[in-house]
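The residues making up each chain are set out below.
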Amino acid sequence: AENVFGDDFLATVFSAIVAKQNDSDTVEFRSTPIGIQLLINGLVVELGSSIPEEFNNVIVSIRKVGIFGGEERASTLGAVFTSGVYVEVKQDNGFLCVITASLHPVYIDSTRGLLGVYNKDLSDDLLPRSTSIPLPLNSTWETIHYDFGLTWIISNESASLFTYPPSAGFELYYYPGYTPLFEVVFSDSTLQEQAEEICGSDDRCLFDIATTGRIEIGIATIEQVEFIDNVTDLSLPIVCNPSC
């Protein structure tokens, strides 16, 4: 993969996210060297301030700004649809590194895809397309990639909501033959030592440093993991004994 600054990676990265409900405008967030670019129905839209802007059945707002090329630009954008779906993306280190999707409880047991089934049951999250039998959670990374992930690939442009620039059409992004790395492999012993000092035994952090060669990406991974863990802890129900 390559980020917006032209750096080559051994890993896949997110360069754009698109979302839509049946009766809404199509909202696309695209990573660029000067922050996140917003497209509505395929056309670039500039958000002039932090005030949320309303489109057809969706409101888009700048959640955070960062410095890109000496100017303040959007580094985190969010979109809330009238259906109760909320999508937020953050750009860091040249690509979209944090993607948050929140759903209204009305969608419980009504979703499928790479994010799993929204029902608080982890056991059915690895559900391939067009089947009713999920993969076991202890499946190997290879099995998850080929028997789950690739079943959800967009195989033709007509099924895609993304906007493709003339210089990089759908064919450039459609690459089902790509073979990712399935385990942490360091080619640089010095980098490995630095990574182990920062990451400890966290495979996600180690993997990100091994595939990108950049320590700061591993640090960002650790920070995000800690943030998610804290949010999860705060979301747990409080049980009092005796009752409170």
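For the structure itself, consult the block above.
Residues numbered from 1 in each chain as written. Predicted model: local features only at pLDDT ≥ 70, side-chain atom pairs only at ≥ 80, totals over all residues. Heavy atoms only, no water.

Colleague: Teacher, can you tell me more about the overall build of the chain here?
Modeller: Helix and strand content of the chain: five helices and nine strands. When the helices and strands of the chain are placed in sequence order, the string is β-β-β-β-β-β-β-β-β-α-α-α-α-α. The burial tally for the chain puts 34% of its 244 residues in the buried class. For the chain, the proportion of contacts with a sequence separation of at least 24, taken over those separated by at least 6, is 37%. (Helix = DSSP H or I, 4+ residues; strand = E, 2+ residues; numbered from the N terminus. Buried < 20%, exposed > 50% of the residue type's maximum accessible area, 1.4 Å probe, protein only. Contact = heavy atoms within 4.5 Å.)

Colleague: What's the story with the packing of aromatic side chains in this structure? I'm lost.
Modeller: For any two aromatic rings, the description comes down to two numbers: the centre-to-centre distance and the angle of the planes. Applying the stated criterion across every chain, the model contains five aromatic pairs. With a centroid separation of 5.5 Å and an interplanar angle of 15°, the aromatic rings of F170 and Y174 are classed as stacked. Ring centres of Y175 and Y178 lie 6.1 Å apart, and the angle between their planes is 55°; on these two criteria the pair is classed as tilted. Since its relative accessible area comes to 55%, Y175 is described here as exposed. Since its relative accessible area comes to 24%, Y178 is described here as partly exposed. Aromatic ring contacts, followed pair by pair, group Y164, F170, Y173 and Y174 into a single cluster. (Phe/Tyr/Trp six-rings, centres within 6.5 Å; stacked < 30°, edge-to-face > 60°.)

Colleague: What exactly am I supposed to notice about the nonpolar core here?
Modeller: Counting 20 residues, the largest nonpolar core has V27, F29, L38, V60 and L77 as the members making the most contacts within it. Contributing elements (two or more residues each) for this core: strand 1 (16–19), strand 2 (27–32), strand 3 (35–40), strand 6 (58–68), strand 7 (71–81) and strand 8 (86–92). Per-element tally for this core: the top contributor is strand 7, with four residues. Sequence-distant contacts of V27, defined by excluding residues within four places in its chain, comprise I17, V18, A19, L38, L39, I40, V58, V60, A79 and F81. Residues L191, A195, L206 and A210 belong to the second largest nonpolar core, which totals nine residues. (Core = buried A, V, L, I, M, F, W, Y, C linked by side-chain atoms within 4.5 Å.)

Colleague: Mind showing me how you'd approach unusual backbone geometry here?
Modeller: Among all residues save glycine, negative phi is the norm, and among peptide bonds the norm is trans. Notably, N41 is not glycine yet its phi reads approximately 55°, a positive angle. A positive phi angle, near 65°, is found at K120, a position not held by glycine. Structurally, K120 can be placed in the loop between strand 9 (95–102) and helix 1 (141–147). Classification of K120 by relative accessible area gives exposed; the value is 82%.

Colleague: Sorry if this is basic, but what is going on with helix 4 (residues 203–212) here?
Modeller: The periodicity of an α-helix, 3.6 residues per turn, causes residues three or four places apart in sequence to face the same way. For helix 4, the set of buried residues is C205, L206, I209, A210, T211 and T212. Looking at where helix 4 begins, the residue whose side-chain oxygen comes 3.0 Å from the main-chain nitrogen of R204 is D202. G213 sits one or two positions beyond helix 4 and adopts a positive phi of about 75°. (Polar contact = N/O pair within 3.5 Å; in protein donor to acceptor, adjacent residues only side chain to side chain.)

Colleague: Can you help me understand the pattern of salt bridges in this one?
Modeller: Tallying each qualifying case throughout the model produces three salt bridges. Measuring nitrogen to oxygen at the nearest pair gives 3.6 Å for the salt bridge that ties R30 to E28. There is no split in this pair, since R30 and E28 are both buried. (Salt bridge = Lys/Arg side-chain N within 4 Å of Asp/Glu carboxyl O.)

Colleague: Explanation requested: the environment of L206 in the structure shown.
Modeller: Along the polypeptide, L206 turns up in helix 4. Sequence separation between L206 and F186 is 20 residues; the distance between their C-alpha atoms is 9.1 Å.

Colleague: I keep staring at the side chain of T26 and nothing clicks. Help me out?
Modeller: Summarising the element assignment, T26 is placed in the loop between strand 1 and strand 2. When neighbours within four sequence positions are excluded, T26 is seen to be in contact with V18, A19, K20, L39, I40, N41 and L161.

Colleague: What am I meant to see in the state of the cysteines here?
Modeller: As used here, a disulfide is simply a covalent bond connecting the sulfur atoms of two cysteines. Across all of its chains, the model carries one disulfide by this definition. The disulfide that involves C199 links it to C205, with 1.9 Å between the sulfurs. Since a negative S-S torsion denotes a left-handed disulfide, the C199-C205 link at about -60° is left-handed. Assessed through its relative accessible area of 0%, C205 is described here as buried. (Disulfide = S-S within 2.5 Å.)

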